[in-house]
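Structural overview for review
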Amino acid sequence: MKHSYLTKALTLMLTLIFGLLTMSVFAVSADETESDAEYEAKKAAYREKIMADDVTADDLLIGSWVSFYSFEKDSYEYQLDQMAAAGINFNMFPRNFGSGAMFDADYWNNIEEQYAKRNMVYQMNGSMAEKNIAIGVEYAAGKEHCIGYHLVDEPTADKFPEIARLVKLYREADATRYPLVNLFPSYAPEWALGGTYREHVTNFVETIGAENIDYLSHDYYPFRDGGVVLTDIFADMEVIRSVAYENGKLKTHAYPQSTAWNGTRMPTEGEMRWNVYGYLAYGFKALSWFNLVCPGSSDTEGEGFRDSIIYRDGTIRDPELFEAFSELNWEVRGLSSLLMNLDAAHAYHTDKGTNGVELLPEDYFLQPSGRNEFVISVMEPKEGDDQYIMIFNKNTKRKSATCKFTVDISSDVKWLEYFDPFIGEYIPVMFEEGMLKDTFRTGEGKLYRLRYDDPPVDTEEPTEEPTEEPTEEPTEAPTEQPTETPTEQATDAPVPEATEAQSEIPSVEASETQTEATSSEGCGAVTASVALPLLLCGLIAARCARKRREEGAE
């Protein structure tokens, strides 16, 4: 009996606390659910807008090299629908892969109709055969979704003069569409390159003429057997970027890897993102996956192609990877409106582990804190005055990383705006104590607009109490002086009992302090709902303790 009052009081206190905490969690969960629903609605609306906007050569293109499997398995229309839903807006070969034949007028009329329905663009097959130029130009006439001709892939340096002649003939016959030539990577044999890789690319531009090139293109496949990732790809990106930049800021095109064949492997979701954002950080304006569909007729013939996003029989072996692939494509397209107006003037690496690249200058206004591997790209606008940077996470191992960068306050950059590619909106990013802190997924790049004006003031959660009339109503905030409250309200209680009762509840103030600290970290819903019940339950416990002493005295 002596402990019955205390037991009941403690039970009541715990029940109240549990109930109120549960209510608080539900309140926070409801807020988060509402916020998530709002974000998903914005995401859906932005995707609808992207899908509705006309795709042209002025958009950031993302497509594929081999894009179709057997039409006996699934129709041409079904496969195009699948591609469009996966975010692809461009095909190098709009139906029959790799054929140099120009087919006939009906064939290309059907291609135009199908691509127009899905708001996609394509190239005409083309070839190095001069006779196909006139035929191709005739078939392409009036077709708004045909943006160019595929001329040749990975020519050796000795073929450049002949390519230059054919490109000029294409340009004379059709000035509105470009003939695409794709160059070797740097690991091609020297006899094919005709010198160093920079010499190879420079020689191509000088021979063809920068005025005749719409896209300076190359390929490089970094994901090798045994989990190897060839980081020398960045040296190739730097060559393509700098040669294009120095020759009138040409657009650039590349082939991210999404296929496994002899000596290579399928990349992970994070590695695909790393491959894509690496190119975006270097200012590339068009990407063609190698490949959407697994090439070849078997896993053992030819180059041993054995896997892709879609296998050659039309099956999707890894649905989660396919979904991630699709989301990445839409993410890239969400950046198109900005990136097409920006040129990468520099792509600075923050670590010294990669050869042939620019290192971040020591006096740059943003410096990484710790041993973080990033590329910080300086983006120059073609039009307008807004300045941007892209911060790209080079690390392919960690799933995500929260990283800090010190900010030079003398740089006049006062805050940043992150452009969210999923909803098409800017999100303010403030510096905290001279630091930029942000979280990056594996291989993720983030595009920021530099702001030189004063940052917006957060009026919803002021960090300081209002200074107006601070002393008029002090009694409305008794929790600011908790030690005075018992003195004011316990004048008729015996001093020893009041003092003893207070000694029974020292944890109330500690609990209030703890919940207030939690509130400062974004859990304010818990503070208001727990502090008052804790105080009430503490008083109940003290009253029960007093009753227990009275029973003991009897």
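Scroll up to find the structure.
Below or above, wherever it landed, is the structure these notes cover. (Residues numbered from 1 in each chain as written. Predicted model: local features only at pLDDT ≥ 70, side-chain atom pairs only at ≥ 80, totals over all residues. Heavy atoms only, no water.)

**Overview of the overall build of the protein chain**
Selection criterion: Note on conventions: DSSP H or I runs of at least 4 residues are helices, E runs of at least 2 residues are strands, and numbering of each starts at the N terminus. Relative accessible area decides the class of each residue, using a 1.4 Å probe on protein chains only: under 20% of the type maximum gives buried, over 50% gives exposed, and in between gives partly exposed. Contact criterion: two residues are considered in contact whenever any of their non-hydrogen atoms come within 4.5 Å of each other. Computed by Shrake-Rupley with a 1.4 Å probe, the accessible areas treat only the displayed protein chains as cover when residues are assessed.
A count of helices and strands for the protein chain gives 15 helices and 22 strands. A total of 554 residues make up the protein chain; the buried ones form 49% of that total. Relative to all contacts within the protein chain whose residues are 6 or more apart in sequence, the contacts with residues 24 or more apart total 75%. Surface exposure of the protein chain reaches about 27800 Å², of which carbon and sulfur atoms provide 52%.

**Some remarks on the environment of Trp-330**
As for its placement among the helices and strands, Trp-330 is situated in helix 10 (residues 319–334). On a C-alpha basis, the gap between Trp-330 and Gly-87 in space is 5.1 Å, while along the polypeptide they are 243 residues apart.

**Some points on the sheet that holds strand 18 (residues 400–407)**
Heads up, the condition is: We call two strands paired when DSSP finds no fewer than two bridges between them. Fitted lines through C-alpha atoms give the axes, limited to the stretch in contact for helices. The angle between two N-to-C directions lies from 0 to 180 degrees.
With respect to topology, three strands assemble into an open sheet ordered 15-18-21, the strand pairing being antiparallel. A strand with exactly one partner marks an edge of an open sheet, and here the two such strands are strand 15 (366–368) and strand 21 (435–441). The sheet shows a mean angle of 35 degrees between the axes of neighbouring strands, taken without regard to direction. Alignment of strand 18 against strand 21, held across seven bridges, turns out to be antiparallel. Directly across from Phe-405, in strand 21, lies its bridge partner Leu-436.

**Considerations on helix 2 (residues 76–85)**
Inspection of helix 2 places Tyr-76, Gln-79, Leu-80, Gln-82, Met-83 and Ala-84 among the buried residues, and these make up the whole buried set. One or two residues past the end of helix 2 sits Gly-87, with phi positive at roughly 90 degrees.

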